[in-house]
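The lines below spell out each chain.
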Amino acid sequence: MENTIFNMAKSFIERAEILSKATLGRTATDEEIKLLKQKFDSKLPDWYCSLISELPLIHMEIGWQDDDEEVQYIEILTPKDMIDESYNAYPGIPILNKGYICIGIDPSGSGDPYFINFNNPEYPVFQIYHDSGDQAEEILDRGREKVTDSLRALFENGIILE
């Protein structure tokens, strides 16, 4: 699965690069990866660290279609911001122990961050509403919208910001 995610992400980067190198982000530094591993330990799989350290995904915007067929974007976070959103902000704090780690923000300014459920082997991506409560069960029952069934699908079907 992880190789498939990496290959889909690489293909997405290649598609973006054809349109404009300006759409590309940056890679995570060794220092940033070390910080992620120290803070998240086994909660964040090594393959995700490899993904953001080998491909220029940080600050890149990846589009997806919502239920109204409007395009929404996820801006991939820096490791520092991943830590901050997951450990120091709601809704990240209560859902971290349920396997959810913040990987992106809504660049339109809604304040509703994006999380991957790393406890699910498909790694689904969700937008979780920042004002949906302060208890994990409440947030996960009523305060999330599934973006894709898998991180692989996000890259496979991702819309490139032009």
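So, a few notes on the structure that sits alongside this text. Nothing here was measured: the structure is a model prediction, and the numbers come from that model.

Quick notes on a negative patch on the surface
Right, so step 1: Residues D67, D68, E69 and E70 make up a contiguous surface patch of negative charge.
Right, so step 2: One can find E69 in the loop between β1 (61-65) and β2 (71-76).
Right, so step 3: When its relative accessible area of 62% is taken as the criterion, E69 is described as exposed.

What to know about helix α4 (residues 79-87)
Each α-helix winds once per 3.6 residues, and so residues spaced three or four apart point in a common direction.
Right, so step 1: Burial in α4 covers these residues: P79, M82, I83 and S86. Along α4, the residues classed as buried sweep out an arc of 95° about the axis, all on the same side.
Right, so step 2: Close packing links the buried residues of α4 with α2 (30-40), α3 (46-54), α5 (92-95) and β3 (100-105).

Structural notes on the sheet that holds strand β4 (residues 114-117)
Right, so step 1: The strand order β6-β5-β4-β3-β2-β1-β7 describes an open sheet built from seven strands, whose pairing is antiparallel. Of all strands in the sheet, those bounded by a partner on one side alone are β6 (144-148) and β7 (159-160).
Right, so step 2: Sheet topology places β4 next to strand β5 (residues 125-128); three bridges connect them, and they run antiparallel. Directly across from Y114, in β5, lies its bridge partner Q127.

As for the environment of I105
Right, so step 1: Inspection of the secondary structure assignment puts I105 in strand β3.
Right, so step 2: It is 5.7 Å that separates the C-alpha atoms of I105 and I74, two residues lying 31 residues apart in sequence.
Right, so step 3: When near neighbours in sequence (up to four residues on either side) are disregarded, I105 contacts Y73, I74, E75, L77, P113 and Y114.

A look at the pattern of salt bridges
Right, so step 1: Inspection of every chain in the model, using the stated rule, returns seven salt bridges.
Right, so step 2: Of the charged contacts in the structure, one is a salt bridge between E137 and K98, with a shortest N-O distance of 3.3 Å. Residue E137 is located in helix α6 (residues 136-142), and its partner K98 is located in the loop between α5 and β3; the two are separated by 39 residues in the primary sequence.
Right, so step 3: Relative accessible area serves as the criterion here: at 46%, E137 is assigned to the partly exposed category.
Right, so step 4: With relative accessibility at 39%, the residue K98 sits in the partly exposed group.
Right, so step 5: Put simply, R152 and E156 hold a salt bridge, and the shortest N to O gap is 2.3 Å. Of this pair, R152 and E156 both sit in helix α7 (residues 151-157), separated by four residues, roughly a single helical turn.

Overview of the packing of α2 against α3
Right, so step 1: Packing of α2 against α3 leaves a shortest axis separation of 10 Å and a crossing angle of 160°. Compared by their axis directions, α2 and α3 come out roughly antiparallel. In terms of crossing hand, the pair formed by α2 and α3 is right-handed. Of α3, the residues touching α2 (which contributes I33, L36 and K37) are D46, C49, I52 and S53.

Rules of the game
Residues numbered from 1 in each chain as written. Predicted model: local features only at pLDDT ≥ 70, side-chain atom pairs only at ≥ 80, totals over all residues. Heavy atoms only, no water. Patch = residues over 30% accessible without salt bridge, like charges linked within 9 Å, V, L, I, M, F, W, Y side chains within 5 Å. Areas by Shrake-Rupley, 256 points an atom, 1.4 Å probe, with all protein chains shown as cover. Salt bridge = Lys/Arg side-chain N within 4 Å of Asp/Glu carboxyl O. Lys, Arg positive; Asp, Glu negative; His and termini not counted. Charge placed at Lys NZ, Arg CZ, Asp CG, Glu CD. Helix = DSSP H or I, 4+ residues; strand = E, 2+ residues; numbered from the N terminus. Buried < 20%, exposed > 50% of the residue type's maximum accessible area, 1.4 Å probe, protein only. Arc of directions from axis to C-beta. Contact = heavy atoms within 4.5 Å. Pairing = 2+ DSSP bridges. Axes fitted to C-alpha atoms, helices over the stretch in contact; angles between N-to-C directions. Parallel < 35°, antiparallel > 145°, perpendicular 65-115°, else oblique. Left-handed = near helix turned anticlockwise from the far one by under 90°.

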